[in-house]
Amino acid sequence: MTLTEIKRILAARNLRPLASLGQNFLFDQNICRQLVAWLAPAAGDRVVEIGPGLGALTGLLLGHEIHLTALEIDRGLCAQLRETFGARANFTLVEGDAVATLPAVSGCDRVIGNLPYNVSTPLLVALLQRPAPPRRGVFMLQKEMAARLGAAPRTKDYGAVSVLLQAYYHIELLRTLGGGVFYPAPAVASAVVRLTLRDDRPAFAAGRRRDFYQFVRQGFSQRRKKLRNLIPQYTGPERAEELTVSEWRELFLAPSRQDAKLI
Ligand code: SAM
């Protein structure tokens, strides 16, 4: 989708890119093709696209023998997507907030999205609210968010979302980009990350994954306090940012936690 096409469609539908919905449309064909290649959908895969917008990735995805479910919140963009792709048997559009629809949408082997940056954390957390987390995800994110996902313990970017996502996924930072490939150009730099489901992930059901995330969040919200003050029996590293992902898993499963104030 070229910049001219994007502007033409928006004008024809009397739409303007909404900053409140993180609407920065991709018009660089090479980046679009690269994102789909990194996802590498296989024939028969059920793929979910978050925030299809005007369909820059949607059209390329539908060139594969997959079933595509697209989750879009903007009513005007949904009308455009229906007109362009609605006749395809392998396309389903779900109108609404993907934070709410993603956990229950049927079938999600792989997920892709040039994400609205203001809700990228809840969208990534929502992946783990599905009964079975998708095997692979490719996302365009704000560069700072990508850094948080891949952050190591004892760094400023390491937090609850790093622990949750790293417990379930191998995280690769594939590339960073400036704003020039989007219309309008965002003020921040972007990055592409790929998530690949780990074989050694915790075998928690979706509800238990949510509890795990809440537990870790509470630990990090007490950054300056020592974990021992919160969990009397605790003898591990002193502060939330010092615990590795596997130490967080162990702490979550520790029997003594049942009596702790941190639950
Ligand atoms: N995929 C298109 C592209 O690359 O050109 C659009 C990407 S744009 C960065 C983000 C898209 O997510 C917009 O279409 C926006 O309307 C949609 N969006 C924003 N918040 C959403 C939400 N909570 N649920 C679903 N879609 C959302």
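What you see is a predicted model, and the numbers here were worked out from it, not measured in a lab.

1. A few points about the pattern of salt bridges
Side-chain pairs of opposite charge can arise where the charged atoms are in close proximity. Following the criterion strictly, the structure yields 10 salt bridges and no others. Put simply, arginine 110 and aspartate 45 hold a salt bridge, and the shortest N to O gap is 2.6 Å. With a gap of 65 residues between them, arginine 110 in strand S5 (residues 110–114) and aspartate 45 in the loop between helix H2 (29–39) and strand S2 (46–50) connect regions that are remote in the sequence. For the pair shown, arginine 110 and aspartate 45 are each scored as buried. For arginine 46, the salt bridge is made with aspartate 109, and the minimal N-O distance between the two is 3.1 Å. Residue arginine 46 is found in strand S2, and its partner aspartate 109 is found in the loop between helix H5 (98–101) and S5; the two are separated by 63 residues along the sequence. The class for arginine 46 is partly exposed, based on a relative accessible area of 41%. If you follow the salt bridges from partner to partner, you end up with Asp45, Arg46, Asp109, Arg110 and Arg135 in one network.

2. As for the domain arrangement of the protein
What the domain assignment lists for the protein is domain 1 (3–197) and domain 2 (206–261). Placing a centre on the C-alpha atoms of domain 1 and another on those of domain 2 gives a separation of 31 Å. Each partner contributes residues to the interface: domain 1 has 19 residues there, and domain 2 has 16 residues. Carbon and sulfur atoms make up 64% of the surface buried where domain 1 meets domain 2, a total of about 1,500 Å² over both sides. Joining domain 1 to domain 2, the criterion identifies zero salt bridges. Our enumeration of links across domain 1 and domain 2 arrives at five residue pairs in polar contact (both at pLDDT 80 or more). Elements with a contribution of two residues or more to the side of domain 1 that touches domain 2: helix H6 (120–127) and helix H8 (160–168). Considering only residue class, the side of domain 1 that touches domain 2 consists of 12 nonpolar, four polar and three charged.

3. Overview of the side chain of threonine 58
Along the chain, the position of threonine 58 falls in helix H3 (residues 58–61). By relative accessible area, threonine 58 is classed as buried at 0%. Looking at threonine 58, its side chain comes within polar contact range of the side chain of glutamate 49, at 2.7 Å. When sequence neighbours within four positions are dropped, the list of residues in contact with threonine 58 reads Glu49, Pro52, Leu68, Leu81, Phe85 and Phe91.

4. Brief notes about unusual backbone geometry
Between tyrosine 183 and proline 184 the backbone carries a cis peptide bond, its omega angle lying at -10°. Residue position: proline 184 is located in the loop between strand S8 (182–183) and strand S9 (190–197). Here asparagine 14, not a glycine, exhibits a phi torsion of approximately 60°, which is positive. Considering the arrangement of structural elements, one finds asparagine 14 in the loop between helix H1 (3–12) and strand S1 (25–26). A relative accessible area of 72% means that asparagine 14 is categorised as exposed. The phi dihedral of alanine 40 falls on the positive side, at around 50°, and the residue is not glycine. Among the secondary structure elements, alanine 40 is positioned in the loop between H2 and S2.

Conventions used here
- Residues numbered from 1 in each chain as written.
- Predicted model: local features only at pLDDT ≥ 70, side-chain atom pairs only at ≥ 80, totals over all residues.
- Heavy atoms only, no water.
- Salt bridge = Lys/Arg side-chain N within 4 Å of Asp/Glu carboxyl O.
- Helix = DSSP H or I, 4+ residues; strand = E, 2+ residues; numbered from the N terminus.
- Buried < 20%, exposed > 50% of the residue type's maximum accessible area, 1.4 Å probe, protein only.
- Domains from an automatic or database assignment.
- Contact = heavy atoms within 4.5 Å.
- Buried area = accessible area lost by both parts, 1.4 Å probe.
- Polar contact = N/O pair within 3.5 Å; in protein donor to acceptor, adjacent residues only side chain to side chain.
- Nonpolar A, V, L, I, M, F, W, Y, C, P; charged D, E, K, R; others polar.

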